[in-house]
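# Descriptive structure summary
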Amino acid sequence: MSTGADPSTQSIRQRYRELAILNEIAQELNRQVDLEQALQSTLSKVAELLDLRTGWVWLLHEHSGESYLAASQNLPPALADHPPRMTGSCYCLDTYRAGDLEGAANVNVVKCSRLQWLMDGTYGLKYHASIPLYAQGKRLGVLNVASPDWRQLSEAELRILYTLGELLSIAIQRARLFSQSMQSGAIEERNRLAREIHDTLAQGLAGISLHLETADALLEMGGDPESVRRQVQQALELTRANLEEARRSVLDLRAAPLEGRDLPAALAGLCRQYAERYALEVHFEAPAATPPLPARLEVGLYRIAQEALSNVAQHAQARRVQVQLSLQAGQARLVVADDGLGFDPAQIVQDRFGLLGLNERARLLGGELRIESQPGAGARLEIVVPLA
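Keep in mind it's a predicted model, so treat the numbers as computed, not measured. (Residues numbered from 1 in each chain as written. Predicted model: local features only at pLDDT ≥ 70, side-chain atom pairs only at ≥ 80, totals over all residues. Heavy atoms only, no water.)

### Some words on the packing of helix H8 (residues 295-316) against helix H9 (residues 355-364)
Test applied: Between N-to-C directions, angles span 0 to 180 degrees; the directions come from axes that are lines fitted to C-alpha atoms, helices contributing only their stretch in contact. Secondary structure counts use DSSP, requiring at least four H or I residues in a row for a helix and at least two E residues in a row for a strand, with both numbered from the N terminus. Angle categories are assigned with fixed cut-offs, so that under 35 degrees is roughly parallel, over 145 is roughly antiparallel, 65 to 115 is roughly perpendicular, and the rest are oblique. Crossing handedness is defined as follows: a turn of the near helix away from the far one that is anticlockwise and smaller than a right angle gives a left-handed crossing, while the clockwise case is right-handed. Residue contacts are counted whenever heavy atoms from the two residues lie within 4.5 Å of one another. Residues are sorted three ways: Asp, Glu, Lys and Arg are charged, Ala, Val, Leu, Ile, Met, Phe, Trp, Tyr, Cys and Pro are nonpolar, and all the rest, Gly among them, are polar.
In the contact formed by H8 and H9, the axes pass within 10 Å of each other and the chain directions differ by 170°. The angle between H8 and H9 places the two elements in the roughly antiparallel class. Crossing angle aside, the handedness with which H8 passes H9 is left-handed. In this structure, H8 uses Arg296, Arg303, Ile304, Glu307, Ala308 and Asn311 to contact H9, whose residues at the interface are Gly357, Leu358, Arg361, Ala362 and Leu364. Of the residues that constitute the contact of H8 with H9, the class distribution is 5 nonpolar, 2 polar and 4 charged.

### A closer look at the sheet that holds strand E8 (residues 331-338)
Note the threshold: Here, any two strands with at least 2 DSSP bridges between them count as paired.
Strands sit in the order E6-E7-E8-E10-E9 across an open sheet of 5 strands; the sheet is mixed. The open sheet terminates on both sides in strands that have one partner only, identified here as strand E6 (281-285) and strand E9 (368-373). Within this sheet the neighbouring strands show an average axis-to-axis angle of 10°, counted without direction. Judged from the 6 bridges that link them, E9 and strand E10 (residues 379-386) form a sheet pairing that is antiparallel. Its bridge partner lying in E10, Ile371 is registered against Leu381. Packed onto the sheet, H8 meets strand E7 (320-328), E8 and E10 and runs at close to 10° relative to E8.

### Describing the pairing of E6
To keep it simple, the criterion reads: Whether a crossover is right-handed comes down to one check: with the strands pointing away from the viewer, does the path from the first strand over the helix to the second run clockwise; if it does, it is right-handed.
Both E6 and E7 contribute to a ladder of 5 bridges, which runs parallel. By the bridge assignment, Val282 is partnered in E7 with Val321. For the segment spanning E6, H8 and E7, crossover handedness is left-handed.

### Describing a nonpolar patch on the surface
The criterion, for reference: Within this analysis, patches are made of residues with over 30% relative accessible area and no salt bridge. Like charges are joined at 9 Å or less; nonpolar side chains (Val, Leu, Ile, Met, Phe, Trp, Tyr) at 5 Å or less. Only the protein chains shown count as cover for residues, with accessible areas throughout obtained via the Shrake-Rupley method and a probe of 1.4 Å. The salt bridge criterion pairs a side-chain nitrogen of Lys or Arg with a carboxyl oxygen of Asp or Glu, the two atoms within 4 Å.
Taken together, the side chains of Leu212, Val232 and Leu236 present a nonpolar region at the surface, about 220 Å² in accessible area. By the secondary structure assignment, Val232 is in helix H6 (residues 225-254).

### Observations regarding the packing of aromatic side chains
What counts is decided by this rule: When two rings of Phe, Tyr or Trp (its six-membered ring) have centres within 6.5 Å they constitute a pair, described as stacked for plane angles under 30 degrees, edge-to-face for angles over 60, and tilted for the intermediate range.
All told, the structure shown has 2 aromatic pairs when counted by the stated rule. Here Tyr274 and Tyr278 contribute two aromatic rings whose centre-to-centre distance is 5.5 Å and whose plane-to-plane angle is 25°, an arrangement assigned as stacked. Of the two residues, Tyr274 and Tyr278 are both situated in helix H7 (residues 263-278); the distance of 4 residues between them amounts to about one turn of the helix.

### Structural notes on the side chain of Ser310
This is how the line gets drawn: Pairs of N or O atoms within 3.5 Å make up the polar contacts considered here, provided that, within protein, one atom can donate a hydrogen while the other can accept it, and that residues adjacent in sequence are counted only when both atoms are side-chain atoms.
Following the sequence through the fold, Ser310 ends up in helix H8. At 2.8 Å, the side chain of Ser310 forms a polar contact with the side chain of Gln314.

### Description of the nonpolar core
This is how it is decided: To qualify as a nonpolar core, a set must consist of buried Ala, Val, Leu, Ile, Met, Phe, Trp, Tyr and Cys residues joined through side-chain atoms within 4.5 Å. When accessible area is computed with a 1.4 Å probe and restricted to protein chains, residues below 20% of their type maximum are described as buried, those above 50% as exposed, and intermediate ones as partly exposed.
Formed by 37 residues in total, the largest nonpolar core has its most connected members in Leu267, Leu301, Leu309, Val321 and Val323. For this core, the secondary-structure elements that each account for two or more residues are H7, H8, E7, E8, H9 and E10. For this core, the element with the highest residue contribution is H8, accounting for 9 residues. Contacts of Leu309, omitting those with residues within four sequence positions, involve Leu270, Cys271, Tyr274, Val321, Val323 and Val336. With 31 residues, the next largest nonpolar core counts Leu35, Val46, Leu50 and Leu161 among its residues.

Quick look at the structure:
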C-alpha cells in the first residue's frame, strides 16, 4: 500500500497552486489603479506563492530616473528601523541600470549589498531574487524577494517570477497613465472653470459695480430716490444671480453627477430640477433602452446638459426647453433647444453665454458643438460625440 502521493500528482497540484495564485494576482492587479495598493498586494501574493517572507519594490522616478522604495513587506529590522539604509543605489539597482540582470528568465539571484555587512536584525538574509520591471523597453524598477532560509530557486520558480514581473510592469504603467489622465482632467476642468468665472462671474461683478457706482453718483447729485432704488435693486438681483452661479460652479466640481444612475435617468432628474427651480417647461426624450456608456462620456454629456440648461435659465428668458438624447451610428447626440430670445452666434463677444465652456467639453470628448439660433427665434444646441 502506497504511503505517499504520486510524484506526478504532487507536481500537478503544485502547478495548479501556482496558476491559481498567478490568476489571483492578475485579477487583483486588473482591479487596482492605485499604484501603492497594487504593489503591496503583489508582494503579499508573491510571498504566499513561493513561501518567501520578505519583499520590496524599487521604482525609478519617471522624470529624474532616481530610485525610491515604493513598497515593502516584512523588511528585517536592520532595514525597517533604519530608513536611510533603504535609500540610494545598491548592487542590484546598479546591475539593473547596467542591463546585466540576465539570470534564468531574466531574473537574477544577487547578494544584497545593503545587508552583507550587517550582523544583527537581518533575519539571516544575505541574498534575494531581483526581477526587473520594464514597460515597452523603458526601465520601471526592480522587484526583490527573499527568505531567511534562502534556497536556490528552480527554473520554474524563476519563470513564475518573470511572469509576475510582467504583470506588475503592466500594472505600474497603467496606474501611472491613470494618474496622468486624472491630473490632465483636473487641469482641463480647472482651466474651464477659470474661463467660466471670467466669462460669467467677473462680468456679473462688473455689472454690480456699475449699478452701485451709478446709484452713488445719483445720490451725490440729489437724484430721484426711485432711480437710486432701481440701481440698487438691479445690483441686488445681479448679486443673487452671481451667488447662484458660484454655487453651481462649486457643485459642478464636487458632485458625483450621476450618483449611481444611468445617463437618461440622471438627465431626467436634471430637467426636473431646472423646471422646478426656474419655472420652465422642460421636456426630456431618450431611447427606451440605452446601453451603458463609458463613465467619462456619461459624465461629460451630463455636464454639457447642465451647463446648457444653466445658460437657458440665466439668459434666454425662455418658457419651454426640449432636451433630447439619442444614440446612433456610433455617436451620442444631445440636443438642447429653447424658445427664448435667441442670438446671433456670429456676434457673441467674450462668450458671455458660456458657449466656450460647452464647446470645450464637447471637444474633450472628441466631439463637436453645433449652434442654430437667431434673435427672437430661440436657440438649438447640438452636441455630437463618438461612442468609441
